Amino acid sequence: MSGDEVAALWKRAISQYQEATGHDPCSFNIKQAPSINDVMNFTVEKEGHFKKWRSDGASGKTSKFREVLKATLRPIDRLGSFVGSCASMTAHSVSADYDTLLDFFEELKSFLERLKVLNGHIRSSPEIEECLVEILGSILILIGLSSKEMKRGRGLKFLKNLVNDKDDDIASAYNRLRKEWRTQTTKHTQADDLEKLNLHLKPQPVTDYDTNTIRLVKNTATWLLNEPDFISWVNSEKPVLWISGGPGCGKSHLSTMAIKHLFDKIHRDGTFRSSVGYYYFHDDDQQKRSFLNAITAMVYQVAKGDEVYCMHAANTCKYSASISDATIRSVWKDFIATEYGPMSSGQLYLIFDGVDEAKREDVEEFISILSDSIQNRLRVQVLLVGRPEMDGIVSFADLDESSVPTIRVSSQKNSQDIAQYINYKYDHTPKIPKLKAVKQKVFNALLENADGMFLWVDLMFAELSYRSQPKQILQALQTLPKGLLGLYQRIFTRIEKDVTIDDEETLQQLKELFCWTAHSKKPLSLFTLNQRIQLTTSSEMFDTEIAIQTHCSSLLKLTKTGEALFDDLVSNLTLVESSQGITTMESVDTDIPDHETSDDELDMDEEDRRIQRYQKDVFVHLRHASLGDYLRTPKLKDTKLLMDVKTAQVHTLLCLLRTVCKGSEAPLDAWLDATGKWLALLEHLDEHDVSDEDTKLIVEHIVEIFTSEPLLLHIAENSRSILFDEDGDQMIFGFNMDLQHKNRVSVEKWFRKAVAMKSTVLKATATAWVNEVLERPLGLLIPLTKACIHEWLRGTEEAPFELYWKARFCWVYLLSTDLVPPFADPGLPDHELFDFQPPFVPTNNVEFLANISDEERSWKVDCRIAKTMAFVGLHDEATLEYHKAIEIAQQENSKEALKSIYLEWALSMTEGETSRGCGTRALIPIKSYIALDESNHKAYVCLGKALVANGDVEQAMEAYKKALSLDQTDCVTIRHIFNILLNRNNPEGVMELIEVHGPKAAGFWVRGHSDIGWFHEIVFWAAWQTGKLELVKQIYEDETRSKSIITTGYVFSPNDDMYRVFFDPTLAAMVSSFFRCLLALLCRKYSGEPDMAFDLLKTAFFTKSGFFKLSTSVNSSFGQEYIPAACEQFAELIHDKALRPNGTVDTNMITMLESLIRRDAVYRKLDHIVADINDRKPLPVVLASLYMKSGRIEQAFMSLNETFQRAIELLKDDIDWNDEFAYHVICKILFLCGQIDKAKVALFLKRYALDDFAQLENQENPEAEEDNGNKVGKETGEDKEAYHENETSAPDAGQQDSVSEDDSPPQAPPVQKLRWKCSRGLGFCQTKELGYRDRMYTCMDCINVEFCEECYVTLMKEETAVEDTKRLYVCNPNHQLLSTPIEGFERFDKDNGRIELSGGTAISVTEWLAVLQKEWDSGSYFKD
């Protein structure tokens, strides 16, 4: 857009002013401005008038007008949001003083200055031009009207009229601005897509700023703000600033202070579109050494704080490379350079802390990019913070030296900070005696020797803490070490002395600890360190955590993750609540939940497993990067406690190789860990720095790994768990056409060195094999490939899934050899390679792989091949293989062999996703097996599945009953029987089975289905229908107390999914804890005992909360469905219990609900993936309801605001399935705020936002309701029973039987009505077929309760009935409900986002949301 075009828009605005007001623009000297400067001059002239007007007494009388003026200026901001970075005015820019109209003109001038940026920088478009004309015209009208009123001496009246809308002309002008505001807000809202940016860039969270802000001692690091170079950098006079300082001098705190200063400045000054991004590099984590990760994190930070930038960045994702293909330069170009060009109105500040800890090649590349950015005059200010060794790279590498001012952190500059820090540390170090004389001497000594290093002070206080007596402390002050080098030497000397002279074992263990911690690519867990050090020192009693606490806590720190962090957070939460007097819960037991035994009775092996789980979640870090420098410096000498660098590198590699070569003799976890690490170490170790003797050891170990038959078989047996490549690449040596693969090249370079050595010689066998590989590189993996094929074909009996995995790894290794023709990378993910058939395979990959082996075939081998084929869906090929096996067994005249073949054949045809449609085929082996043996329940289960697939449900039921009679503990059998009984509407049959087989067997069934919610609903429904709730309640109550360690009478394979639930004591206890939630559901919904349900859930959530860990320990469905559902149920019970009959609210219940929400937040940290999927935040809405009822409006708003904003975020993302959750919670919020009509619209959108529902619109016609005499949705034959999200409901008695072939509830076929689960479905109606206009009712008090028309009517009747027979207690009679669709509904045009109503009216969803967002942000819903 050129200057002439902008001037033309101004002229159009003047014409619009004349047309709107009927006044001559010359009346207040509007010029026909040919340029933006003329517009500016006009504005300055009018500003002078208002200055005079203010001095005449208007000042201080316009407080109410302040808010109106803010709204008047927002359209300018929204225009900026619309045209990008060229003409925006953020909310910050109107945050200063609005007491007079002078501020209006200041903002108007700022806006017009931004219009200059439009020159040649943004393309013209009718949409943008119209927007500019509307806004400029509206401003002119306001100026004209105000000038006219002031000439009449009525300036204050003008303000009053503008505020109160009493003057039609003024109100019209103001409303035009409001209209533009709404329009531009709507457009902007559609573009604000943080979720899209997050999915595209996958930025890492940066928590260092928040942490450092807390740790920053008051009044320290402020000297930086007065540095001239820093001031020049902040004022954009220099694009780059370099802060250089040695280790431990407080550089990260200076970075933090710089970030804080920028944030404060932006907030205080209202700087126009200034944004801040920051990143802290860490050399102990490879992910945090990456500049690519740094820039993506900064992009996301800026997008969160700048809605305009967020819009552009989200749009950039459409053409920018995905993060897997992105580079530092591509992300910088796409997301930084294009946005902050020389004509940009925005200003970006980027702070990179610890650049010396980043990858050196990344730093050099970024400096090159930065050089280009300076030449291109980007509006980007970069602050680099690091050590002096980076001076040369930062100052001279592709940058003009004069453009990079340097602030050097010296002891003189931070001396005052050091003094304050010493005082702070003295006061906060508990072991040091608090004597004034001692403090002064400590202060003087440390201040004199600190040399500006905070880390030195920190470490010295840690050292002094080992001396509790004042004399000892004063003595230590006599010989203080100089600098960090001297201090580290002193600390390690002290550790050596502290360890008993004769205790060489402890010294060796600590030496290993420092070696592994300093030279590992990533932080290691306590578990890994324990195993490695125990193996290398032959000491099974070594404990890393104890060693750190005893000897080196000032050097190493522990970081908890996963369950260990969860336990800590819960414990801390309980302590905090107790200190605040919150007594709604008892002590929390999460480590060993529900064990009612003493410690002596605990199984020792289980206790070991519990400790191991903890150790796997705790990682060891160096406390400071300078310690890593010290331990990795080439100058470090080998001592009793430390290894020099080269020794350490060789030592770690040899330790891993020795562990790998131990094979089955090594602990499996340690062996798998070593197997996944040694290749990376081998690649990075320079063979020229290694002695011939060590080279001999390294190469002979490598030869053993690839040639030793016992070791190769061990590798083959554990192929599914092995990860040779740290990056997760299964093609560890590439395809056979990739001879330059990094691992292949790495092995070959060591082989070449070994054969060239003169001083030492390899073993003869090793030499021969090394030479063979050097001559034939593709022969490297041939022994491993053949060993894996042998294990696949002749290993122990395994499930089809295990065989499939072994075949996959055989295939991967095979493609790296010359046993197949040359084969290039097809560009497929690892998991798809086995499904891809190369040109050289004549039949299928499974058969081709089997034919590689020259071993003699047996019936067992043919069965394993057949099972693998069946698993991948090759059923015809599998049948041929089974026939081969049968022929061999018949020749051997082996009845047992035939039985095994027939049973495996039957199982492979009736299990898994690929077995669908195999009913007839499966009957052949099933009947053949039963003819030989009628005593195996598995054969009858297979028979039942096959008969169901063929539509013969009656015979299937008989087969299942026969299976149950043979083994009453088989959970698969009872599941299929219950399905059939459910479809027959036969609750009596369900209860008969429970009674006949007894509570013990029934308890076993329900525990075996602990992660299948619909199974429990069937049991509850049957008990409720038959009046036997007490029996079922007792069964579930017994399970809450059960240790569930089955010792006799039950046979399980360790590979069975439910094996651990019965035999792992900790997991079994977690399940017992979860049964309280299931029992609470039974009591509340079916027996109408809310108080008992409340007590059960209170115990579950506040005392026995171990079930929280089931999501990460057993099955993710616990985290995705069942635990959130239990939490929501408890919240509803607390809500109802809080409401007293007299209308008051029980504050104790509010406190309990607050505690529940805090626990829910802690739980989400345990499983962040589930938390992201299930982040609907319904609980704060329930809490806000109680707040409002008790008059705590401000707390209600705070509780609702985050939930509302999260819902808006869900609506903006590219994911459709979560929109219903967003609209649902918005509906609840609006209803709570008294916005009933808006709540109805939100509820409507929640229902019709579903794609499946929207598709029903054109399908509703009477003719479609019938199909060959059957109603749509009534399934026959092979049709499957309909469920919704693992839930089920009782069908009509006349419905045809149908059950699932697998463990999951069967799915419904396409119908003209939506399959929808009514909250009262069980016992009253089947899963509903909800038509496009059928009415449904949603409770506004319950979290997720909805009824069909039939059940709603039933609900109303029950509340007035005299007797509560067959009643489900789903919803409180005092709750309020809304229904959909809304009144006057005609159709929903989802593509265009319009709700079409009768009478030709319509609701635009986009506009409705925009207005809703605006009204919410204004706080209008809470003003009353």
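Preceding this paragraph is the structure being described.
Chemist: Mind showing me how you'd approach the overall build of the protein chain here?
Modeler: Assigned secondary structure in the protein chain consists of 61 helices and 18 strands. Relative to its full complement of 1424 residues, the protein chain shows a buried share of 56%. In the protein chain, 74% of the contacts between residues at least 6 apart in sequence involve partners at least 24 apart. Accessible surface for the protein chain amounts to roughly 61,000 Å². Of this, 48% is attributable to carbon and sulfur atoms.

Chemist: What exactly am I supposed to notice about the sheet that holds strand 6 (residues 524-525) here?
Modeler: Backbone-to-backbone hydrogen bonds pair the strands of a sheet. The strands run either parallel or antiparallel. With antiparallel pairing, the three strands of this open sheet are ordered in space as 6-8-7. The open sheet has two free edges, formed respectively by strand 6 and strand 7 (556-560), since each of these has just one partner strand. Pairing between strand 7 and strand 8 (residues 618-622): five bridges, direction antiparallel. Note that in strand 8 the partner of L556 across the bridge is L622.

Chemist: Help me understand the packing of aromatic side chains in this model?
Modeler: Scanning all chains against the criterion turns up 53 aromatic pairs. Judged by centre distance (6.4 Å) and plane angle (75 degrees), the ring pair of Y278 and Y280 falls under edge-to-face. Pair check on accessibility: Y278 and Y280 agree, each one buried. With 5.5 Å between their ring centres and 80 degrees between their planes, W332 and F366 make a pair best called edge-to-face. Remark: F366 occurs in helix 15 (residues 360-375) and W332 occurs in helix 14 (residues 328-337); sequence separation between them is 34 residues. Comparing W332 with F366 shows no difference in burial state: the two are buried. Taking the ring centre of Y940 as reference, the NZ or CZ of K962 above it sits at 5.9 Å. Sitting over the face of the ring of F1094, K1137 holds its NZ or CZ atom 4.9 Å from the ring centroid.

Chemist: Whenever I open this one, the packing of helix 19 (residues 454-464) against helix 21 (residues 483-498) confuses me. Can you help?
Modeler: In helix packing, the relevant descriptors are the interaxial angle and the interaxial distance, both defined with respect to the helix axes. Remark: helix 19 packs on helix 21, axes separated minimally by 10 Å, with the N-to-C direction vectors making an angle of 20 degrees. Accordingly, the angle class assigned to the pair helix 19 and helix 21 is roughly parallel. Handedness of the crossing formed by helix 19 with helix 21: left-handed. On helix 21, the residues that touch L455, W456, L459, M460 and E463 of helix 19 are G483, L484, L487, Y488, I491 and R494. Looking at the contact of helix 19 with helix 21 residue by residue, the classes come out as eight nonpolar, one polar and two charged.

Chemist: I would appreciate a short explanation of the environment of E704 in the present structure.
Modeler: With respect to the element layout, E704 can be found in helix 31 (residues 692-707). Overall, E704 belongs to the partly exposed group, its relative accessible area being 31%. C-alpha of E704 to C-alpha of C661: the two residues are 43 residues apart in sequence and 7.0 Å apart in space. Sequence-distant contacts of E704, that is, excluding residues within four places in its chain, are made with C661 and L711.

Chemist: Explain the sheet that holds strand 3 (residues 347-353) here, please?
Modeler: The strand order 2-3-4-1-5 describes an open sheet built from five strands, whose pairing is parallel. What marks the edges here is a single partner per strand, and that holds for strand 2 (274-280) and strand 5 (406-408). On average, each strand axis in the sheet is inclined to that of its neighbour by 15 degrees, with strand direction left out of account. Summarising the sheet, strand 1 (residues 240-244) and strand 5 pair through three bridges and their orientation is parallel. Bridging across to strand 5, I243 finds its partner in I407. Contacts between helix 12 (residues 291-305) and the sheet are confined to strand 2 and strand 3, with strand 2 contributing the most and set at about 145 degrees to the helix.

Chemist: How should I be thinking about the packing of helix 39 (residues 875-892) against helix 40 (residues 895-910) in this particular structure?
Modeler: For the pair helix 39 and helix 40, interaxial distance at closest approach is 9 Å and the crossing angle is 170 degrees. In terms of orientation, helix 39 lies roughly antiparallel with respect to helix 40. For the pair helix 39 and helix 40, the contacting residues are H875, A878, T879, Y882, H883, A885, I886, A889 and Q890 in the first and A897, L898, I901, Y902, E904, W905, S908 and M909 in the second. In terms of residue class, the contact of helix 39 with helix 40 is built from 11 nonpolar, five polar and one charged.

Chemist: Whenever I open this one, the nonpolar core confuses me. Can you help?
Modeler: One broad trend across soluble globular proteins is that nonpolar side chains are buried collectively. Within the largest apolar cluster, 303 residues are counted, with the highest numbers of intra-cluster contacts made by F492, L555, W678, W792 and F978. The leading source of residues in this core is helix 49 (residues 1065-1086), at 12 residues. The contacts of F978, once residues within four sequence positions are left out, are V990, L993, I994, W1005, F1015, I1018 and V1019. Counting 71 residues, the second-largest nonpolar core is a separate cluster that includes W223, I243, I328 and F335.

Chemist: What am I meant to see in unusual backbone geometry here?
Modeler: Outside of glycine, negative phi angles account for most residues, and trans bonds account for most peptide bonds. With an omega dihedral of 0 degrees, the bond running from T1380 to P1381 counts as a cis peptide bond. Even without a glycine there, the phi angle at A221 is positive, about 70 degrees. By the element assignment, A221 lies in the loop between helix 9 (208-215) and helix 10 (228-234). The phi dihedral of R377 is positive, around 60 degrees, even though this residue is not glycine. Within the fold, R377 resides in the loop between helix 15 and strand 4 (380-386).

Chemist: Please clarify how helix 13 (residues 307-316) should be interpreted in this entry.
Modeler: Note: α-helices contain 3.6 residues per turn, so residues at a spacing of three or four share the same orientation. Along helix 13, seven of the 10 residues are buried, which leaves the element largely enclosed by surrounding structure. Within the sequence span of helix 13, burial applies to V308, Y309, C310, M311, A313, A314 and T316.

Chemist: Hey, could you run me through the pairing of strand 2 in this one?
Modeler: Regular strands place side chains that alternate from one sheet face to the opposite one. Along strand 2, seven of the seven residues are buried, which leaves the element largely enclosed by surrounding structure. Residue alternation in strand 2 divides its side chains into two sets, S274, V276, Y278 and Y280 and S275, G277 and Y279, and both sets are buried. Relative to strand 3, strand 2 is paired through seven bridges, and the arrangement is parallel. Residue pairing across strands places V276 opposite Y349, the latter belonging to strand 3.

Chemist: Would you explain the pattern of salt bridges in this entry?
Modeler: Oppositely charged side chains may form a pair once their charged atoms are brought near each other. Going through the model one piece at a time under the given rule, you end up with 43 salt bridges. In this structure, the salt-bridge partner of K413 is E227, at a minimum N-O distance of 3.3 Å. Linking K413 in the loop between strand 5 and helix 17 (415-428) with E227 in the loop between helix 9 and helix 10, this pair joins segments that are 186 residues apart in sequence. Relative accessible area serves as the criterion here: at 17%, E227 is assigned to the buried category. Each of D356, R387, E389 and D629 takes part in salt bridges that share partners, so that together they form one network.

Chemist: Explanation requested: helix 11 (residues 251-269) in the structure shown.
Modeler: Its 19 residues place the ends of helix 11 26 Å apart at the C-alpha level, agreeing with the 27 Å of an ideal helix rising 1.5 Å per residue. Turning to helix 11, its buried residues number three or more, namely K251, L254, S255, T256, M257, A258, I259, H261, L262 and I266. On its buried side, helix 11 packs onto helix 9, helix 10, strand 1, strand 2, strand 3 and strand 4.

Chemist: Can you walk me through the side chain of S373 in this structure?
Modeler: By the element assignment, S373 lies in helix 15. Since its relative accessible area comes to 6%, S373 is described here as buried. Here W332 takes part through its side chain, which lies 2.9 Å from a polar atom of the side chain of S373.

Chemist: How do you make sense of the pairing of strand 13 (residues 1336-1339) when you look at a structure like this?
Modeler: Burial of the side chains of strand 13 extends over both faces: M1336 and T1338 are buried on one face and Y1337 and C1339 on the other. Alignment of strand 13 against strand 14 (residues 1346-1348), held across three bridges, turns out to be antiparallel. Bridge pairing in strand 14 places M1336 opposite C1348. Joining the antiparallel neighbours strand 13 and strand 14 is a turn of six residues. Pairing geometry for strand 13 and strand 15 (residues 1377-1380), over four bridges, is antiparallel. Across the sheet, residue T1338 finds its bridge partner in strand 15, namely L1378.

Chemist: Please clarify how a positive patch on the surface should be interpreted in this entry.
Modeler: A surface patch of like charges, here positive, comprises R215, K288, K557 and R623. Locating K288 in the fold gives a position in the loop between strand 2 and helix 12.

Chemist: What am I meant to see in the side chain of T969 here?
Modeler: Locating T969 in the fold gives a position in the loop between helix 43 (953-966) and helix 44 (971-983). Note on T969: relative accessible area 11%, which makes it buried. At 2.6 Å, the side chain of T969 forms a polar contact with the side chain of D967.

About the criteria used
- Residues numbered from 1 in each chain as written.
- Predicted model: local features only at pLDDT ≥ 70, side-chain atom pairs only at ≥ 80, totals over all residues.
- Heavy atoms only, no water.
- Helix = DSSP H or I, 4+ residues; strand = E, 2+ residues; numbered from the N terminus.
- Buried < 20%, exposed > 50% of the residue type's maximum accessible area, 1.4 Å probe, protein only.
- Contact = heavy atoms within 4.5 Å.
- Areas by Shrake-Rupley, 256 points an atom, 1.4 Å probe, with all protein chains shown as cover.
- Pairing = 2+ DSSP bridges.
- Phe/Tyr/Trp six-rings, centres within 6.5 Å; stacked < 30°, edge-to-face > 60°.
- Lys NZ or Arg CZ within 6 Å of the ring centre and 35° of its normal.
- Axes fitted to C-alpha atoms, helices over the stretch in contact; angles between N-to-C directions.
- Parallel < 35°, antiparallel > 145°, perpendicular 65-115°, else oblique.
- Left-handed = near helix turned anticlockwise from the far one by under 90°.
- Nonpolar A, V, L, I, M, F, W, Y, C, P; charged D, E, K, R; others polar.
- Core = buried A, V, L, I, M, F, W, Y, C linked by side-chain atoms within 4.5 Å.
- Salt bridge = Lys/Arg side-chain N within 4 Å of Asp/Glu carboxyl O.
- Expected span 1.5 Å × (residues − 1).
- Polar contact = N/O pair within 3.5 Å; in protein donor to acceptor, adjacent residues only side chain to side chain.
- Patch = residues over 30% accessible without salt bridge, like charges linked within 9 Å, V, L, I, M, F, W, Y side chains within 5 Å.
- Lys, Arg positive; Asp, Glu negative; His and termini not counted.
- Charge placed at Lys NZ, Arg CZ, Asp CG, Glu CD.

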